[in-house]
Amino acid sequence: MSLQKALSAASPLTLRIVAECPVTKARACDLTLPHCTVNTPVFMPVGTQGTLKGITVDQLESLGCQICLGNTYHLGMRPGPDLIVKAKGLHGFMNWKRNLLTDSGGFQMVSLVELSEVTEEGVNFKSPYDGKEILLSPEKSISIQNSLGSDIMMQLDDVVSSTVKGPRVEEAMHRSIRWLDRCIAANKNPDKQNLFAIIQGGLDAELRKACLKEMTQRDVSGFAIGGLSGGEEKNDFWRMVTLSTDHLPQEKPRYLMGVGYAVDLVVCVALGCDMFDCVFPTRTARFGSALVPWGSLQVKQKQYAKDFLPIDPDCHCPTCKRHSRAYLHALFKSDTAAMHHVTVHNIAYQLSLMRSVRQSIVEGRFPEFIRTFMKRMFPSRDDYPGWAVDALASVNVTLD
Amino acid sequence: MKLELSRVIQGGARLGVLQGIGRTGQHSLKVPGCLLYTHFGTVPHLTQDTLQTVNNLPSVTQVTLSNIAEHQEVLEEFKEGFKAFAGLHNTVLYCSLHDPATRSPTGYATNKTVSVWGSGGRIELTASKFMALLKTVKPDWYQSMADGETWQTNTSRKRIRKSVDRTLAYLDECLLVHQKSQDLDGVELFGVVEGGDVMEERVRSARETAKRPVAGFCLDGLQTGSVDQALRTQLITSMTTELPEDKPRLLQGVGRPDEVLACVEAGVDLFEGFFPFQVTERGCALCFNYDVSPDPECAVLELNEEKHSAGDNMQPKGDLNCEDQTQMTSFEMNLKDKRYQDDFKSLVEGCGCYCCKNHQRAYLHHLLVTNELLAGVLLMIHNMTHYQNFFGAVREALATDKMDLLKKRVHGETRNT
Ligand SMILES: [Zn+2]
Ligand SMILES: [Zn+2]
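Residues numbered from 1 in each chain as written. Chains lettered and ligands numbered in written order. Predicted model: local features only at pLDDT ≥ 70, side-chain atom pairs only at ≥ 80, totals over all residues. Heavy atoms only, no water.

Participant: What am I meant to see in the coordination of the zinc ion (ligand 1) here?
Facilitator: By definition of the ideal shapes, four donors in a tetrahedron about a metal sit 109.5 degrees apart, and six donors in an octahedron sit 90 or 180 degrees apart. Residues and elements named next belong to chain A. Taken together, the protein donors to the zinc ion (ligand 1) comprise C315 (SG), C317 (SG), C320 (SG) and H345 (ND1), at separations of 2.1 to 2.3 Å. Given four donor atoms and angles of 100 to 117° at the metal, the environment of the zinc ion (ligand 1) is assigned as tetrahedral. Of note, the donors binding the zinc ion (ligand 1) are all from one chain and are spaced C-x1-C-x2-C-x24-H. Both residues of the pair, C315 and C320, belong to the buried class. (Donors = N, O, S within 2.8 Å, 3.2 Å for Na, K, Ca; no water. Tetrahedral: all angles 85-135°; square planar, octahedral: opposite > 155°, others 65-115°. Buried < 20%, exposed > 50% of the residue type's maximum accessible area, 1.4 Å probe, protein only.)

Below, the structure written as structure tokens:
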């Protein structure tokens, strides 16, 4: 017991709950990590290869980003952990002064590499670069993440598609618990790097609960809700999210993986999640899709050729302050900088959405914020997605 | 616009300042100098935030009708001109016909029209369409319409003569519209000197163009790959002797540092700033030495070492076989090369650009091998900075009689001066 306490005290993470919504499960926290404090709820942009889609670290910082993601699978392949150690970690390599979160590499492996096989030892796969057989074990994943030096590391979990049912889901859940213990034991930098557990259990409430019961007994800095946003029914999705937050400890951060659509963010904040990540805002920007409070705006569509308004007249990002839809529309035909403009805007949109969410929680008017947000996002009440209405009703928010 | 020359060096090189440029006359541009190269008003890869990290940006921004022509309708509806449309504030806008970084196909110019190639294909321009376009663009300077199809070697004398005649005829047509148009009040027109590789035609074109009320001269048809530098120097000299001293001369399509130096000595004032872009597109960083400062301790000695090793399997400089503008020159290092994989030095030691101050070669190498967009952003910032500083060194060398030293530096013969 005293050892447990000492370990916790040394954890390089503190979470201070700044405000709790009196109606929903939403909360605003200050999450202090080794490189800076993160104001939650937070959206974390994804910089897969140690760079965020044409955006410099200075631009990212000036947009107010306090934490972004790097992908262990990609970085472990190229440039490789040894080189990153020499570059003083991923922070040094990309010269990013704020926080980094790295995934375990497992998800990418299962989704990107065809020839992967999961055994108790780990995930076996063939390197797409040289064809060599590689084993990604929990120890290996943590070792790479220790080399990357991220502020938050994710455990290696046994990833099963959220649409899979049956005994494989249960097996994956139990294996993920065993792998968590191996990850905790493998962490060489518990004083500098936080480890998050990933709650599994598919869409089965009993399995989720079993997983939650086990994992919350482990000494980890935070919890991720995993195995969702992989094409499952939204009705199943939100129920699993809210079930998870019901059983997660108040004093630790909750990270909902792979969620980044504006509506999902707002609803899942209401369900009690603190952290989110998604490649969508930056990926979609490259195709000219700009995120706006009323959904999205396809800059490349002909209708914007003579539209001299900024993407969002109320947006304060560098793109909207200088450029019109018409200019961006035309620039898409001439230069890649057009993508950068939309990427900057989309990151600004995500971050400012989360800042507004936080502000409303702090000021005790989050339910009102949700109602206004939904009205702006959808043309009419009839267009509200049923799952969102149900999810919000479950936390006492009725939409008008 | 007024060209104030502070020095004219025997043989032709000119040092000075173009004062009172732009419609409101509040800008100036040091010569020899280069323009800001853009795609549709945007420096390739860069947003204003990243562009503004570069110090001493040229005060003149170049756009091309090849980018703009297809958007004429939009600009007509917008009404405020291209600068406002592109969010460009506080710059002089120069509008030229073609993109200097790409080759336009030949065989399309007629007595009445020239063609430009946009994203949607070829657009044919008559003089009146050309002028109508410019009225919507509202530039501060523009290049007159020109038949520049004679850059290819072995173009016949007859074809060259025709291009000179046509270009003069276009110019007269443009001038006629220009002088009657209130929209173009205060806008400066640059006449285009053609003549291929035929000395008499060059002289004739220069002499005739100089008779017209133009603000300056574009020297066309001498781009990299069309003639060798010795002939280019001769042809430029033959033209500049015909041109008035008080008007600027802009050389089109030449950007390699060694060629720039030779052309400056032949009397060229302005260049198009596309070279750093070409270097960026092949994943390279400019690293040639241009240091002529009196303190040798400041000299960036490492530069040339890098350059030599990087240029090992390059063709020797001065080789005319540079038809392919995408080919690497010996003024740059190829960061895709495996040797930079674990090289934690900054890109170019001593460079103060955003890229060099913040990132290492190993990171640039990683961005290039993973095809990440940030590679283009960072390389463009460095290459533009390096190139701008090179032009600063050219002016310093002219001011302090160090052109020979600068040439040696640029050509890589360092330390034995
Ligand atoms: Zn914006
Ligand atoms: Zn630099």
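Participant: How should the packing of aromatic side chains be read in this particular structure?
Facilitator: The relation between two aromatic rings is expressed through the spacing of the ring centres and the mutual angle of the planes. Applying the stated criterion across every chain yields a total of 29 aromatic pairs over all chains. Relative to F391(B), the ring of F390(B) lies with its centre 5.4 Å away and its plane at 65°, an arrangement referred to as edge-to-face. One exposure class covers both F390(B) and F391(B), and it is buried. Aromatic rings pair up to connect F271(B), F275(B), F288(B), Y290(B), F331(B), Y387(B), F390(B) and F391(B) into one cluster. Directly above the aromatic system of F237(A) lies the positively charged group of K234(A), at a separation of 4.8 Å from the ring centroid. (Phe/Tyr/Trp six-rings, centres within 6.5 Å; stacked < 30°, edge-to-face > 60°. Lys NZ or Arg CZ within 6 Å of the ring centre and 35° of its normal.)

Participant: Explain the domain arrangement of chain B to me, please; I cannot follow it from the model alone.
Facilitator: For an interface, size is often stated in terms of accessible area lost upon the parts coming together. All names here are of chain B. When the domains of chain B are assigned, the result is domain 1 (2-273) and domain 2 (288-297 + 325-410). Taking only C-alpha atoms into account, the centre of domain 1 sits 27 Å from that of domain 2. With 35 residues of domain 1 in contact, the opposing surface of domain 2 contributes 25 residues. Taken over both partners, the interface formed by domain 1 and domain 2 buries close to 2500 Å², and the fraction arising from carbon and sulfur atoms is 72%. At the boundary of domain 1 with domain 2, the tally comes to two salt bridges. Two residues, D401 and R7, come together in a salt bridge whose shortest N-O distance is 3.1 Å. Run the count over domain 1 and domain 2 and you get six residue pairs in polar contact (both at pLDDT 80 or more). Elements supplying a minimum of two residues to the side of domain 1 that touches domain 2: β2 (14-21), β3 (27-31), β4 (33-34), α1 (48-51) and α9 (257-265). Broken down by element, the residue count for the side of domain 1 that touches domain 2 peaks at six residues, all from α9. Here the residues of the side of domain 1 that touches domain 2 sort into 20 nonpolar, eight polar and seven charged. (Domains from an automatic or database assignment. Contact = heavy atoms within 4.5 Å. Buried area = accessible area lost by both parts, 1.4 Å probe. Salt bridge = Lys/Arg side-chain N within 4 Å of Asp/Glu carboxyl O. Polar contact = N/O pair within 3.5 Å; in protein donor to acceptor, adjacent residues only side chain to side chain. Helix = DSSP H or I, 4+ residues; strand = E, 2+ residues; numbered from the N terminus. Nonpolar A, V, L, I, M, F, W, Y, C, P; charged D, E, K, R; others polar.)

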